[in-house]
Structure formats: structure tokens, C-alpha cells
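Here is what each chain is made of, one letter per residue.
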Amino acid sequence: MTTNHLKLKMKVEGGNLHDCQIHLVLGDQGTGKSTFIKLLAGFLPPDGVEPWCPEYLESYKPKEISFIRACTVRAALETRCFHHRFVSDVIEPLQIDRLMGRKLTSLSPGERQRVAITFCLMKDAHVYLIDEPSLDLDSDMRIRVALAIRKHILRIQRAAVVVENDFLMAAYLADKVILVEPSIDTASCLPRDIARPVSGFSVSAGRVNRRPVSDFSVSAGLRPLVNGPSVSGFSVSSPCDRVAGFNLLLEKLNITFRQVPNSSRLTPRVNKAGSMEDKTQKLNGNFYYNLA
């Protein structure tokens, strides 16, 4: 599908989202990753399809969290009877039990992020759409969130699409990779013209035409972003293999990663520029080196 909102133009290649897999959306900042996930969530219509209503049931967590309801976290969560595995996989690792007596509107940015991720994962859906779950979280909590998302998706056997800019957290999450790249040369373009969300409306529990659930607000309008291209053309790839997707991204960044043999580290380590490992991997075309 394609979309053209103000000066943001995006072409999305066809592809499949598979159950029990996390599809990671990667790309430079300002390339439209959040716009792509809003297309999947039904908040922005593709060209020639209006009203736009996805045929699947989705649960969406936006990038920026702003709660509308003034109730406590406990009151917001008591609408559901949780499976004991959800408690052990999500509630406890994200330390939501410590926030039960707090009002939603009094939470810090990091606490809002953890609660919003919990709200997203607790809903019944075919696809879970999560925009930057690491935002406002410290390094330890980012790993907790990544593992919680993975455990939950595997347990319920559903699909997830996650936008993430933290590369090490992405290494925990990704089964497949979706790349968002500029489709035109933007090097000589003027700033202040790429589109970004501005106006808000409340999130729906599923499709956009259902009665909204007032958990948090979602931006749907567009506003200029400083340092963007004057005409923003972007393409979204089909889901590809995890290693191949990381390799393509790191090749553009001219950075190589390695994994340490016989180590308990789950995340790769960046090579020093110009080191023997760096030169060898670039020569072999292995920018993201995976021993598996």
C-alpha cells in the first residue's frame, strides 16, 4: 500500500506477519516508522482506501504516552482477569505491582511507558503493534521489557510489530526485520518539512471505528520536523530474516557487531572501527555477525 499525508510519502511492500514472531521495524529517525505502524493500526488510511479498517484485531501502543483517565493503575487493570502466566511474564518483570495504588496521571514517563506496554499486551488481539517500548526506560528495564514481550508473544502464539531504536534491545526482540528507508536522495533537501504527529484522539481497543477506550491519547495529525527532507519519500520492505535485516542496516551505518564465543551475553558487541574484527567482517560482508 501507499500513503501520502502532506509531504510524507510512503510505499509499503506486501508481506506476511507470522504468529509467534516479533517483526522489528528499523530505520533512521524521521523516516516514518511510527507512521507505518499507525497504518497497520488503522489510524491513518492508505491511499484510495477510506474509511480504512484493518481486517485483523490489533492492540496498539503509541510512542508518546499521555493517559486520559484519572483512575489508579489497579482500577484500570481490574477490568481483566489475568492468566497466572501473564502475571509472571509481564506484571512482575515490569514491576507493575508497585504502581497499583498510583493514579495514571501521576506516573513518571518511564512508569507510564511500562503501564502502557502492559495495557497493550493484556488485550486480546491478532497483532500487537508497539512503538518504541524502550523510551524513557533505563537499561535494566529495557531488557525486562524485551523479555516480557517475547515471552508473552510466544505463549499466546500471536504476531507483534515493534518499532525500536535501541539496537541492543532490538537484538533481544527481533525474529524478522522490516526496514524503512528513504526512497529518494534527500542529501540536498531543505529542513523543516518532514511530517510528524501533532493532533490527538483516543485509542480504540481494536479497529478505529469502535467506541474508543480512554487509556491514552494517540497523535494522528502531522507537523513539520526540523532537519528533515523537503520531500519525504520512504519505502517499507517486506519482513526479512533477522540477520539479513541487521546486516543491511549496519552496512549503511558502516558499523560491525560481533558475538563473543562461549559467552552468556545474549547481545552482540560493537567492534572498534579499524580493528582486525571490523576489517575482517566488512571484507566478508558480515556486518552483523551471528554464530548461530
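Residues numbered from 1 in each chain as written. Predicted model: local features only at pLDDT ≥ 70, side-chain atom pairs only at ≥ 80, totals over all residues. Heavy atoms only, no water.

**Things to note about the packing of helix α3 (residues 84-91) against helix α4 (residues 109-122)**
Under the convention used in this document: Axis definition: a line fitted to C-alpha atoms, limited for helices to the stretch in contact. Angles are taken between N-to-C directions and run from 0 to 180 degrees. Helix numbers and strand numbers start at the N terminus; a helix is a DSSP run of H or I with at least 4 residues, a strand a run of E with at least 2. When describing relative orientation, an angle under 35 degrees is termed roughly parallel and one over 145 degrees roughly antiparallel, while 65 to 115 degrees is termed roughly perpendicular and anything else oblique. Crossing handedness follows the turn of the near helix against the far one: under a right angle anticlockwise gives a left-handed crossing, and clockwise gives a right-handed one. Note on contacts: a residue pair is in contact if any heavy atoms of the two residues lie within 4.5 Å. Residues are grouped as follows: nonpolar covers Ala, Val, Leu, Ile, Met, Phe, Trp, Tyr, Cys and Pro; charged covers Asp, Glu, Lys and Arg; every other residue, Gly included, is treated as polar.
Look at α3 against α4: their axes get within 11 Å of each other, and the N-to-C directions meet at 150°. In terms of orientation, α3 and α4 fall into the roughly antiparallel class. Between α3 and α4 lies a crossing whose hand is right-handed. On the side of α3, the interface is formed by Phe86, Val90 and Ile91, while α4 contributes Thr118, Leu121 and Met122. Here the contact of α3 with α4 is built from residues that sort into 5 nonpolar, 1 polar and no charged.

**What about the layout of surface pockets?**
Test applied: We place a 1 Å grid over just the protein atoms. Points where a 1.4 Å probe fits but has no way out form a cavity, open points with protein on both sides within 12 Å along at least 5 of 7 lines form a pocket, and any residue with an atom within 4 Å of a point lines it. Grid points are joined across faces, edges and corners, and a volume is the space filled by probe spheres set on the points.
Taken as a whole, the second largest pocket spans an internal volume of roughly 260 Å³. Considering the residues around the second largest pocket, the lining is formed by 15 residues, among which Val12, Glu13, Gly15, Phe36 and Leu40 are closest to the centre. Among the residues forming the lining of the second largest pocket, the class breakdown is 10 nonpolar, 4 polar and 1 charged.

**Some details on the confidence of the model for the protein**
Spelled out, the test is: pLDDT is defined as a per-residue confidence score from the predictor, taking values between 0 and 100.
The predicted model of the protein has a mean per-residue pLDDT of 79, with 77% of residues at 70 or higher. Put simply, strand β9 (residues 200-204) is where the protein has its lowest mean pLDDT, 29, and strand β6 (residues 159-163) is where it has its highest, 96. Counting interchain partners and residues more than four positions distant, the pLDDT-below-50 stretch residues 185-214 has 87 contacts. Below a pLDDT of 50 lies the segment residues 217-231, which in the model reaches 65 contacts outside its immediate sequence neighbourhood of four places, other chains included.

**Observations regarding the environment of isoleucine 96**
For clarity, the cut-off: Type-normalised accessible area, obtained with a 1.4 Å probe on protein chains alone, sets the label of each residue: buried when under 20%, exposed when over 50%, and partly exposed for intermediate values.
You can see isoleucine 96 is positioned in the loop between α3 and α4. Isoleucine 96 sits in the buried class, given a relative accessible area of 1%. Sequence separation of isoleucine 96 and glutamate 111 is 15 residues, and the distance between their C-alpha atoms is 8.5 Å. If near-sequence neighbours (up to four positions away) are discounted, isoleucine 96 is found in contact with Val73, Leu77, Ile91, Arg114, Val115 and Thr118.

**As for the packing of α3 against helix α5 (residues 139-156)**
Put simply, α3 and α5 touch, their axes get as near as 8 Å, and they point 155° apart. Relative to α5, the element α3 is oriented roughly antiparallel. Contact residues: α3 offers Arg85, Phe86, Asp89 and Val90, while α5 offers Ala148, Lys151, His152 and Arg155. By residue class, the composition of the contact of α3 with α5 is 3 nonpolar, 1 polar and 4 charged.

**Things to note about helix α1 (residues 33-41)**
Along α1, 9 of the 9 residues are buried, which leaves the element largely enclosed by surrounding structure. The set of residues buried in α1 consists of Lys33, Ser34, Thr35, Phe36, Ile37, Lys38, Leu39, Leu40 and Ala41. One or two residues past the end of α1 sits glycine 42, with phi positive at roughly 90°.

**Some thoughts on the side chain of serine 59**
To keep it simple, the criterion reads: The definition of a polar contact used here is a pair of N or O atoms within 3.5 Å, where within protein one atom must be able to donate a hydrogen and the other to accept one, and adjacent residues in sequence count solely through side-chain atom pairs.
Locating serine 59 in the fold gives a position in strand β4 (residues 58-61). A polar atom in the side chain of serine 59 sits 2.6 Å from the backbone oxygen of cysteine 120. With residues up to four places along the chain from it excluded, the contact list for serine 59 reads Phe119, Cys120, Lys123, Ala125, Val127, Tyr128 and Leu129.

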